[in-house]
Amino acid sequence: MIRAVVLCIGCATTVHADGFCASLTTDRPATFALPDGTEGTCSTSLELSGAHAQNCRWPFTYRAPEATEAFDAVLKATAACLGVQPVADQDVNHPDSYDLRTFHTDTAQVAVSIKDKGALQQTYVFLRINTP
């Protein structure tokens, strides 16, 4: 069963890769979809420096394998779209699981993270795109 899911995510990544890459490079898209086409809840924020950030999230059942698969798919798709590899964040003292990878380009900073929220019994995949 897990193999079927992984194969399906791989197929969907190919189908939706163009839309995913376009969303990464478009200035603050209204919606954002995972490489498999699942749309996330997004909002735009203005930072103190004047930069804009697009923040998107996708909820999953707590520690569901699909959350880790989505995180991995977003990392791979983002690296392919931007042509750079991510920098891993330092370890943090966090009661739940947390992993953050940041991509740095000349025009943006893109962060992909996965966070377990034990109190909510959910795991989230987050995508943040900071542009000047």
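Residues numbered from 1 in each chain as written. Predicted model: local features only at pLDDT ≥ 70, side-chain atom pairs only at ≥ 80, totals over all residues. Heavy atoms only, no water.

**Student:** Explain the nonpolar core to me, please; I cannot follow it from the model alone.
**Tutor:** Generally speaking, nonpolar side chains in soluble globular proteins are found buried as a group. Formed by 21 residues in total, the largest nonpolar core has its most connected members in Leu24, Phe32, Trp58, Phe60, Val112, Val125 and Leu127. Of all elements in the fold, only helix H1 (2-25), strand S3 (52-61), helix H2 (65-82), strand S6 (109-117) and strand S7 (122-131) reach the threshold of two or more residues within this core. Looking at which element gives the most residues to this core, the answer is H2, with 7 residues. In this structure, Val125 is in contact with Cys56, Arg57, Trp58, Phe60, Ala67, Ala70, Phe71, Ser113 and Ile114, ignoring residues within four places of it in sequence. (Core = buried A, V, L, I, M, F, W, Y, C linked by side-chain atoms within 4.5 Å. Buried < 20%, exposed > 50% of the residue type's maximum accessible area, 1.4 Å probe, protein only. Helix = DSSP H or I, 4+ residues; strand = E, 2+ residues; numbered from the N terminus. Contact = heavy atoms within 4.5 Å.)

**Student:** What is the right way to read the packing of aromatic side chains from this model?
**Tutor:** To describe a pair of aromatic rings, you give the distance between the ring centres and the angle between the ring planes. One pass over the full model with this rule turns up 1 aromatic pair. On the basis of an interplanar angle of 20° and a centroid distance of 5.6 Å, the ring pair of Tyr124 and Phe126 is categorised as stacked. Looking at Tyr124, the relative accessible area reads 13%, which means it is buried. A relative accessible area of 24% places Phe126 in the partly exposed class. Over the aromatic face of Phe126 sits the side chain of Lys115, whose NZ or CZ is 5.1 Å from the ring centroid. (Phe/Tyr/Trp six-rings, centres within 6.5 Å; stacked < 30°, edge-to-face > 60°. Lys NZ or Arg CZ within 6 Å of the ring centre and 35° of its normal.)

**Student:** When you look at the pairing of strand S2 (residues 39-46) in this model, what are you seeing that I'm missing?
**Tutor:** A regular strand places its side chains so that they alternate between the two faces of the sheet. Relative to S2, strand S1 (residues 32-33) runs antiparallel, the two sharing 2 bridges. For Phe32, the partnering residue across the bridge sits in S2 and is Gly40. Hairpin connection between S1 and S2: a loop of 5 residues separates the two successive antiparallel strands, and Gly37 in this loop has a positive phi of roughly 100°. Pairing analysis gives 6 bridges linking S2 to S3, with the strands arranged antiparallel. Directly across from Thr41, in S3, lies its bridge partner Arg57. (Pairing = 2+ DSSP bridges.)

**Student:** Explanation requested: H2 in the structure shown.
**Tutor:** The terminal C-alpha atoms of H2 lie 26 Å apart, and with 18 residues this matches the ideal 26 Å at 1.5 Å per residue to within 8%. Among all positions of H2, only Ala67, Glu69, Ala70, Phe71, Ala73, Val74, Leu75, Ala77, Thr78 and Ala79 are buried. Of the residues one or two after H2, Gly83 is the one with positive phi, at around 75°. (Expected span 1.5 Å × (residues − 1).)

**Student:** Whenever I open this one, unusual backbone geometry confuses me. Can you help?
**Tutor:** Note: most residues except glycine have negative phi, and most peptide bonds are trans. With phi around 55°, Arg63 is a residue other than glycine that occupies positive phi space. Along the chain, Arg63 falls in the loop between S3 and H2.

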